[in-house]
Amino acid sequence: VAARMIVAIENPSDILIASQRPYGSRAVLKFSQYTGASPAAGRWTPGTLTNQITTKYMEPSLLIVTDPRTDHQSIKEAAYASIPVIALCDTDSPLENVDVAIPANNQ
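Let us look at the structure shown here. (Residues numbered from 1 in each chain as written. Predicted model: local features only at pLDDT ≥ 70, side-chain atom pairs only at ≥ 80, totals over all residues. Heavy atoms only, no water.)

**Side note on the pattern of salt bridges**
Here's step 1: Inspection of the entire model under this criterion finds two salt bridges.
Here's step 2: Residue R21 pairs with D67 through a salt bridge whose shortest N-O separation is 2.9 Å. Of this pair, R21 sits in the loop between β1 (15–19) and α2 (22–35) while D67 sits in the loop between β3 (62–65) and α3 (72–80); the two residues are 46 residues apart in sequence, bridging distant segments of the chain. The pair R21 / D67 is uniform in exposure class, with both members buried.
Here's step 3: Note that D92 is salt-bridged to R69, the shortest N-O span being 3.9 Å. (Salt bridge = Lys/Arg side-chain N within 4 Å of Asp/Glu carboxyl O. Helix = DSSP H or I, 4+ residues; strand = E, 2+ residues; numbered from the N terminus. Buried < 20%, exposed > 50% of the residue type's maximum accessible area, 1.4 Å probe, protein only.)

**Description of the pairing of strand β4 (residues 85–89)**
Here's step 1: For β4, the tally of buried residues reaches four of five residues, placing the bulk of the element in the interior.
Here's step 2: With three bridges joining them, β3 and β4 adopt parallel strand pairing. Looking at β4, one finds that V65 is bridged to A87.
Here's step 3: Direction of pairing for β4 relative to strand β5 (residues 100–103): parallel, over a ladder of four bridges. Paired with I86 across the two strands is V100, which belongs to β5. (Pairing = 2+ DSSP bridges.)

**Considering the sheet that holds β5**
Here's step 1: If you walk across this open sheet you meet the five strands as β2-β1-β3-β4-β5, and the pairing is parallel. On the outer flanks of this sheet lie β2 (38–41) and β5, each paired with one strand and no other. Each strand of the sheet is rotated relative to its neighbour by a mean of 20 degrees, with strand direction disregarded.
Here's step 2: This element, α2, spans β1, β2 and β3 of the sheet and lies at about 170 degrees to β2. (Axes fitted to C-alpha atoms, helices over the stretch in contact; angles between N-to-C directions. Contact = heavy atoms within 4.5 Å.)

**Quick look at the environment of D71**
Here's step 1: Along the chain, D71 turns up in the loop between β3 and α3.
Here's step 2: Look at D71 and you get buried, because its relative accessible area is 1%.
Here's step 3: Considering only alpha carbons, one finds D71 and R43, 28 residues apart in sequence, at a separation of 9.4 Å.
Here's step 4: Within the local environment of D71, its side chain forms a polar contact with the backbone nitrogen of T66, the two atoms lying 3.4 Å apart. (Polar contact = N/O pair within 3.5 Å; in protein donor to acceptor, adjacent residues only side chain to side chain.)

**Section: α2**
Here's step 1: In this model, α2 (14 residues) spans 21 Å end to end at C-alpha, consistent with the 20 Å of a helix rising 1.5 Å per residue.
Here's step 2: If you follow the buried residues of α2, they end up packed against β1 and β2.
Here's step 3: The positive-phi residue at the C-terminal boundary of α2 is G36, with phi of around 90 degrees. (Expected span 1.5 Å × (residues − 1).)

Quick look at the structure:
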């Protein structure tokens, strides 16, 4: 299901992949390098998806996060903006506002 969501987006730069975890940042940058997706590695700037006045404002068609627990701010903003979310989830990850959960050991 997640692969179909990603393939359905025509322009790869409309995909935003985010990770606040230090171990996920390298994976985010590699994924974006090879696919053309927009990376958001490191600290998430509040208002990136909701505040049109900020310089980092984006309107992606899809958000991919590496850990719903640490990336909760980006997931909350995506929910406000009606952006679908794909998340790499561990067994104890919160799934509020996550549309597709990919089971993974993300610790």
